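Geometric and topological summary
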Amino acid sequence: MNECMMCQCCTLTELRCREVINLCDGARMGYVSDVQFDLVSGRITAFIVPESGGVLGLLGRGEDAVIPWDAVEKIGEDIIFVRYQHPCPEPRTYKRFSSQKK
């Protein structure tokens, strides 16, 4: 059998077409925008997924999620499943439309 047939290879372009789903909370995180890799070994060390900020991403971008390779559970044909533990936002202690903050 051909050596290339034995390995499962993928290009960055193909990865960018796959949606990232967080198995920890079921969140649709977005699509891979970039990868980090080790220059010595040539292995991927993390996926980078931009986090949108605000409603439908209209209020700017949030921080990029750097998902370590160890957090990747499965790479499918169109989805990447990860277990990404990220800090939860602090709950508000005041009402959103109140004129006074408690």
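Note that the structure is predicted; figures quoted are calculated from it, not measured. (Residues numbered from 1 in each chain as written. Predicted model: local features only at pLDDT ≥ 70, side-chain atom pairs only at ≥ 80, totals over all residues. Heavy atoms only, no water.)

1. A few points about the pattern of salt bridges
A side chain of one charge can pair with a side chain of the opposite charge if their charged atoms are brought near each other. This structure, assessed with the given rule, holds two salt bridges. Across the pair Arg28 and Glu19 runs a salt bridge, and its minimum N-O distance is 2.9 Å. We classify Arg28 as exposed; its relative accessible area is 63%. Between Arg83 and Glu73 there is a salt bridge whose closest N-O contact spans 3.5 Å. In this pair, Arg83 sits in the segment after strand E7 (79-82) while Glu73 sits in strand E6 (residues 72-75), placing the two residues 10 residues apart along the sequence. Residue class for Glu73 comes out partly exposed when judged on its relative accessible area of 46%. (Salt bridge = Lys/Arg side-chain N within 4 Å of Asp/Glu carboxyl O. Buried < 20%, exposed > 50% of the residue type's maximum accessible area, 1.4 Å probe, protein only. Helix = DSSP H or I, 4+ residues; strand = E, 2+ residues; numbered from the N terminus.)

2. Description of the sheet that holds strand E2 (residues 28-31)
Ordered by their spatial adjacency, four strands build an open sheet running E2-E1-E7-E6, and the pairing between neighbours is mixed. At either end of the open sheet lies a strand with only one pairing partner, and these are E2 and E6. Strand after strand, the sheet turns through a mean of 20° between neighbouring axes, direction not considered. (Pairing = 2+ DSSP bridges. Axes fitted to C-alpha atoms, helices over the stretch in contact; angles between N-to-C directions.)

3. Comments concerning the environment of Cys17
Summarising the element assignment, Cys17 is placed in the loop between helix H2 (12-16) and strand E1 (19-22). Cys17 sits in the exposed class, given a relative accessible area of 56%. As for Cys17 and Ile79, which are separated by 62 residues in sequence, their C-alpha atoms are 8.5 Å apart. Other than its neighbours up to four places away in sequence, Cys17 contacts Tyr31 and Asp78. (Contact = heavy atoms within 4.5 Å.)

4. Side note on the side chain of Asn22
One can find Asn22 in strand E1. Among the polar contacts listed, one links the side chain of Asn22 to the backbone nitrogen of Cys24, at a separation of 3.0 Å. Non-local contacts of Asn22, meaning those with residues more than four positions away in its chain, are made with Ala27, Met29, Val82, Arg83, Tyr84 and His86. (Polar contact = N/O pair within 3.5 Å; in protein donor to acceptor, adjacent residues only side chain to side chain.)

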